[in-house]
Amino acid sequence: MSKVAVLVTDFVEDIEYTSPVEALKDAGHTVTTISPEGTETITGKHGTEIKVDKAINMVKPDDFDALLIPGGFSPDQLRSNEAFVAFTRHFLLADKPLFAICHGPQLFIQTGLVKGRELTSYTTVQPDLYYAGGLVKDEPVVIDHNLITSRTPDDIPAFNHAIVGALEA
């Protein structure tokens, strides 16, 4: 089974973390929650307390088979931290499974690797991805090789199905 890294900080969209993580764990994958500080608890936008497993400086992208970036305000905060940008860039360059929902694709913009990629996101992030060269689609799930993106919490069932399926392939 795969080892999946999840990049988060406070104000992550609760359900965009909890539901995909539960789906991945239910499918037998190991999930490691990674934040700027490490072994603390972060709080989602709606009050969910999430236990963090590691700090970003304690892990390497090569330690993981896949990456999940939930939405909310978390990705916007993480994209100002070069360690998270570099971690994400590694997955895009290596074409390793990378899953992002809602505001999650904001982190891609800082990598400089959006150009020519098919993806989706929350409606307010879509213009940013477009101006960064992305081929933005307004669909529940967009799959571009190993990059799987989704728009909103309403799309979570389709997103979960796609990400679990990608790791079974």
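See the structure shown above.
Think of each chain on its own: its residues are numbered from 1, step by step along the sequence as written. Selection of residues for local features in this predicted model requires a pLDDT of at least 70, selection of side-chain atom pairs for listing and counting requires 80 or more, and totals for whole chains, interfaces and linings are taken over all residues. Side-chain numbers come from the whole structure's heavy atoms, not from hydrogens or water.

Participant: With reference to specific residues and values, describe the pairing of strand 6 (residues 66–69).
Facilitator: With a 1.4 Å probe rolled over the protein chains alone, any residue whose accessible area is under 20% of its type maximum counts as buried; one over 50% counts as exposed, and the rest are partly exposed. Helix numbers and strand numbers start at the N terminus; a helix is a DSSP run of H or I with at least 4 residues, a strand a run of E with at least 2. By the alternation rule, side chains of strand 6 split into Ala66 and Leu68 and Leu67 and Ile69, which are all buried. Pairing analysis gives three bridges linking strand 1 (residues 3–7) to strand 6, with the strands arranged parallel. From the neighbouring strand, valine 4 faces strand 6, where its bridge partner is alanine 66. Pairing of strand 6 with strand 7 (residues 98–101), which is carried by three bridges, proceeds in the parallel orientation. Here, a strand pair is defined by DSSP locating no fewer than two bridges between the strands.

Participant: Residue-level account of helix 3 (residues 82–94), with values.
Facilitator: For a helix, the expected span equals 1.5 Å multiplied by the number of residues minus one. With 13 residues, helix 3 should cover 18 Å at 1.5 Å per step; its first-to-last C-alpha distance of 18 Å lies within 8% of that length. Every buried residue belonging to helix 3 is among Phe84, Val85, Phe87, Thr88, Phe91 and Leu92, and all of these are buried. Within helix 3, the buried residues cover an arc of 160 degrees as seen down the axis, which keeps them to one side. Any N or O atom pair separated by 3.5 Å or less is treated as a polar contact, with the protein-specific requirement of one donor-capable and one acceptor-capable atom, and with residues adjacent in sequence counted only for side-chain atom pairs. The opening residue of helix 3 is asparagine 81, an N-cap whose side-chain oxygen sits 2.9 Å from the backbone nitrogen of alanine 83. Aspartate 95 occupies a position one or two residues after helix 3 and carries a positive phi of about 55 degrees. Here, the arc refers to the directions that run from the helix axis to the C-beta atoms.

Participant: Report on the nonpolar core, specifying residues and quantitative values.
Facilitator: Only buried residues count toward a nonpolar core, which is a set of Ala, Val, Leu, Ile, Met, Phe, Trp, Tyr and Cys residues joined through side-chain atoms within 4.5 Å. Formed by 25 residues in total, the largest nonpolar core has its most connected members in Leu24, Leu68, Phe99 and Phe159. Of all the elements in the fold, those that place two or more residues in this core are strand 1, helix 1 (14–26), strand 6, strand 7 and helix 6 (156–168). The dominant element in this core, judged by the number of residues it contributes, is helix 6, at six residues. Only heavy atoms enter the contact rule, under which two residues are in contact if any of them lie within 4.5 Å. Discounting chain neighbours no more than four positions away, the residues touching phenylalanine 99 are Ala66, Leu67, Leu68, Ile69, Ile148, Phe159, Ile163, Ala166 and Leu167. Within the second largest apolar cluster, 23 residues are counted, among which are Leu7, Ile56, Phe84 and Val114.

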